[in-house]
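Descriptive structure summary
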Amino acid sequence: MTQAFDIVVAGAGMVGAALATGLGQSGFRVALVDKTSAPTFDTNSVPDLRVSALSAGSERYLQQLGAWSQMLAMRMTVYRRLAVWDQAQHPLSKLIPRKLGEVVFDAASLSATHLGHIVENRITQQALWQCADEQPSVTVLSGNGVTSVANGNDRATVTLEDGSELTCELVIGADGAPSRIRDMAGIGVTRDQYAQQAMVVSVRYLGSVEDITWQAFYPSGPRAFLPLHSADDQHPGESWASLVWYDAPGELARLKALDTESLMAEIQKAFPDDLPLLTHVDARASFPIARQHAKHYSQGRIVLVGDAAHTINPLAGQGVNLGFQDAACLQSLIRETRRAGCDLADPQWLARYEQQRRPANRRMMLAMDAFYHLFSNRIPPVHLLRNLGLGAARALPFARNQVARYAMGIDDELPAVVKQITSRLPGLHLP
Ligand SMILES: Cc1cc2nc3c(=O)[nH]c(=O)nc-3n(C[C@H](O)[C@H](O)[C@H](O)COP(=O)(O)OP(=O)(O)OC[C@H]3O[C@@H](n4cnc5c(N)ncnc54)[C@H](O)[C@@H]3O)c2cc1C
């Protein structure tokens with residue numbers, strides 16, 4: 001069976017589902033295809049292992065799509081403060097008390113009500129699937145992956161696992177970091193695997209949910225605390241949190257293999273004293289982390305968004321926020337392309353998408369890379385330098401707040417001076 005659409009979105013993760021919803025709202029006939037089945041949510045369920053810190057910019061975008069109210073009705077956690085500090089132990093660290101190097105970003109000092117929300121990925125995804133499904137011009141096809149794409153002169157033909165075919169003017173590859181759509185388009189990537197991996201652990205602790213998230217930097221990698229929601233009635237006075245522990249793959253493999261009690265003891269010992277008393281460790285998983293950038297964002301009738309186009313080190317939790325920015329940008333350019341009466345795969349319009357998004361994505365990649373190298377370094381002068389850097393960030397609240405407002409999505413643009421500095425950082429020749 002062959003069905004005709006304007007656009008096929010391959011991959012209904014958070015980014016693909018958002019883009020399909022927005023395009024449906026603009027009246028395009030869209031097929032949103034995913035190889036997995038629809039995500040589900042139950043209020044009594046334990047938290048999803050995958051959580052994301054969503055910026056104020058992402059919140060605005062998800063509100064426009066109509067997904068935010070549904071996400072709020074499920075569950076999410078607001079955070080108003082973000083603390084970062086260097087926890088490396090070294091003779092020189094005695095010279096610098098922790099509080100001197102600690103930087104706390106506070107919504108109040110940024111003239112904002114909050115810095116962001118921590119949301120389980122499946123909640124964002126489920127709300128977006130529902131929004132997409134409610135659009136009369138969007139057809140959601142789940143449990144049926146894309147197996148091939150044929151780029152034709154006038155239209156592309158997308159074949160699914162069950163043998164059915166979809167024709168369209170434009171195929172959007174939103175199928176994540178190991179994107180097959182990208183491979184089918186013949187688009188290569190530049191990729192650097194970091195020496196660290198990230199282990200994510202869902203835990204319950206004694207205490208209430210607070211509005212602070214924190215990250216302590218150790219030479220082996222950061223350790224972060226992301227607050228979630230209160231536990232159920234059977235665990236009064238307890239709350240859920242998501243912990244992220246970055247370390248060498250071998251060390252994380254050892255930790256993952258421990259029984260629950262031993263892992264809880266290791267976490268309690270290895271994390272800073274700020275970690276509340278843990279009462280339960282629920283689930284754990286580790287993820288390889290890589291900086292990856294597609295060499296082109298489009299080829300023929302295929303265009304890439306989200307992790308299919310770029311992945312960054314998740315240490316500042318920016319990946320899906322960048323993906324939503326790709327989606328918003330592409331959606332508005334596709335509308336303009338149609339208004340101009342052009343083919344939706346017109347190379348000039350698709351080039352504009354890349355011109356707008358590549359520099360912003362690259363800038364964030366560079367910033368995360370610089371953080372990674374600066375904080376994973378054990379050399380004493382570098383240790384001193386980064387503490388001086390944190391000290392400078394404390395001492396220069398205006399500059400710090402400008403960067404923070406951008407990182408939190410409160411402002412759309414980085415201050416011009418910071419843009420200039422990041423574009424001139426030496427030694428980091430990223431595409
Ligand atoms: C440890 C960790 C922590 C992170 N924390 C944050 C954070 O705090 N904030 C943040 O912004 N980002 C964070 N990120 C990054 C964020 O998770 C990703 O950027 C985001 O999930 C990418 O979304 P996506 O929709 O582009 O891709 P994905 O989430 O990978 O979705 C891809 C979809 O495509 C589908 N698919 C794959 N192949 C096919 C096919 N052949 N046919 C059809 N469908 C297909 C998959 O089933 C999936 O649903 C983190 C990442 C990691 C690893």
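What you see as residue numbers is a count from 1 along each chain, following the sequence as written. Local features are withheld for residues below a pLDDT of 70 in this predicted model, meaning they are given only at 70 or higher, and side-chain atom pairs are given and counted only at 80 or more; totals for whole chains, interfaces and linings count all residues. Based on all heavy atoms of the structure, the side-chain values leave hydrogens and waters out of the count.

1. Let's talk about the overall build of the protein chain
- Secondary structure elements follow DSSP: runs of H or I of four or more residues count as helices, runs of E of two or more count as strands, with numbering from the N terminus. Summing up its helical and strand segments, the protein chain has 13 helices and 21 strands in all.
- The classification of residues rests on relative accessible area computed with a 1.4 Å probe and restricted to protein chains. Under 20% of the type maximum is buried, over 50% is exposed, and intermediate values are partly exposed. Within the protein chain, the fraction of its 431 residues that count as buried is 55%.
- Only heavy atoms matter for contacts: two residues are in contact if any of them lie within 4.5 Å across the pair. Taking the intrachain contacts of the protein chain between residues at least 6 apart in sequence as the baseline, contacts between residues at least 24 apart amount to 74%.

2. Let's talk about the sheet that holds strand S11 (residues 156–160)
- The pairing criterion for strands is at least two bridges between them, as found by DSSP. One open sheet holds the four strands; their spatial order is S1-S12-S11-S10, and the pairing between them is mixed. Of all the strands in the sheet, just strand S1 (2–4) and strand S10 (146–151) have a single pairing partner and so form its edges. Ignoring which end each strand starts from, the neighbouring axes of this sheet average 20° apart.
- Pairing geometry for S1 and strand S12 (residues 165–168), over three bridges, is parallel. Axis definition: a line fitted to C-alpha atoms, limited for helices to the stretch in contact. Angles are taken between N-to-C directions and run from 0 to 180 degrees.

3. Comments concerning the packing of aromatic side chains
- Two aromatic rings, drawn from Phe, Tyr or Trp (for Trp, its six-membered ring), form a pair once their centres lie within 6.5 Å of each other, and the interplanar angle then sorts them: stacked below 30 degrees, edge-to-face above 60, tilted otherwise. Scanning the model with the defined rule gives seven aromatic pairs in all.
- Plain terms: the ring middles of Tyr-61 and Phe-324 are 5.7 Å apart, the flat faces sit at 50° to each other, and that makes the pair tilted. Of this pair, Tyr-61 sits in helix H2 (residues 56–65) while Phe-324 sits in helix H9 (residues 319–339), and the two are 263 residues apart along the sequence.
- Centroid distance Trp-245 to Phe-271: 5.8 Å. Interplanar angle 80°. Geometry classified as edge-to-face.

4. Quick look at the site of the ligand
- The criterion for a residue being near a molecule or strand is simple. One of its heavy atoms has to lie within 4 Å of it. Not every one of the 29 residues close to the ligand is listed here, only the nearest: Asp-34, Arg-50, Ala-53, Asp-307 and Val-320.
- Take Lys-35: an N or O atom from its main chain is 3.3 Å from a nitrogen atom of the ligand.
- Reported accessibility uses the Shrake-Rupley method at a 1.4 Å probe radius. Residues are deemed covered only where the shown protein chains occlude them. Bound to the protein, the ligand loses 85% of the 1,000 Å² it would expose on its own.
- Of all the secondary-structure elements, those providing two or more residues to the shell around the ligand are helix H1 (14–25), strand S4 (51–55) and H9.
- For the shell around the ligand, the residue count by class is twelve nonpolar, twelve polar and five charged. Here a polar contact is recorded for every N or O atom pair within 3.5 Å, except that within protein the pair must consist of a potential hydrogen donor and a potential acceptor, and residues adjacent in sequence are included only if both atoms are side-chain atoms. Note on residue classes: Ala, Val, Leu, Ile, Met, Phe, Trp, Tyr, Cys and Pro are nonpolar, Asp, Glu, Lys and Arg are charged, and everything else, Gly too, is polar.

5. A look at the environment of Leu-62
- Structurally, Leu-62 is set in helix H2.
- Residue Leu-62 is classed as buried on the basis of its relative accessible area of 0%.
- Between the C-alpha atoms of Leu-62 and Ala-18, which are 44 residues apart in sequence, the distance is 7.7 Å.

6. Considering the side chain of Ser-52
- Mapped onto the fold, Ser-52 is located in strand S4.
- For Ser-52, a relative accessible area of 13% translates into the label buried.
- In terms of polar contacts, Ser-52 uses its side chain to reach the side chain of Asn-121, at 2.7 Å.

7. Some remarks on H2
- Of the residues making up H2, those classed as buried are Ala-56, Ser-58, Glu-59, Tyr-61, Leu-62 and Leu-65.
- In this fold, the buried residues of H2 make contact with H1, S4, helix H3 (68–74), strand S8 (116–120), helix H5 (121–134) and H9.

8. A short note on the packing of H1 against H2
- Taken N-terminus to C-terminus, the directions of H1 and H2 make an angle of 45°; their axes are 10 Å apart at the nearest point. Considering their axes alone, H1 and H2 lie oblique with respect to each other. Relative to H2, the crossing made by H1 is left-handed. Contact residues: Ala-18, Leu-19, Thr-21, Gly-22 and Gln-25 in H1; Tyr-61, Gln-64 and Leu-65 in H2.
- Within the contact of H1 with H2, the residues separate by chemical class into four nonpolar, four polar and no charged. Oblique is the label for any angle not covered by the other classes, which are roughly parallel (under 35 degrees), roughly antiparallel (over 145) and roughly perpendicular (65 to 115). The hand of a helix crossing depends on one turn: near helix anticlockwise from the far one by less than a right angle means left-handed, and clockwise means right-handed.

9. Here we look at the sheet that holds strand S13 (residues 170–173)
- Spatially, six strands are ordered S9-S3-S2-S13-S20-S19 in an open sheet, and the strand pairing comes out mixed. Every interior strand has two partners, whereas the edge strands, strand S9 (138–141) and strand S19 (298–299), have only one.
- Bridging between strand S3 (residues 30–33) and S9 involves four bridges; their strand directions are parallel. The residue of S9 that forms the bridge with Ala-31 is Thr-139.

10. Focus: H9
- Spanning 21 residues, H9 covers 31 Å between terminal C-alpha atoms, matching the ideal 30 Å at 1.5 Å per step.
- Where H9 ends, the next residue or the one after it, Gly-341, has phi of about 75°, a positive value. What a helix should span is 1.5 Å times the count of its residues minus one.

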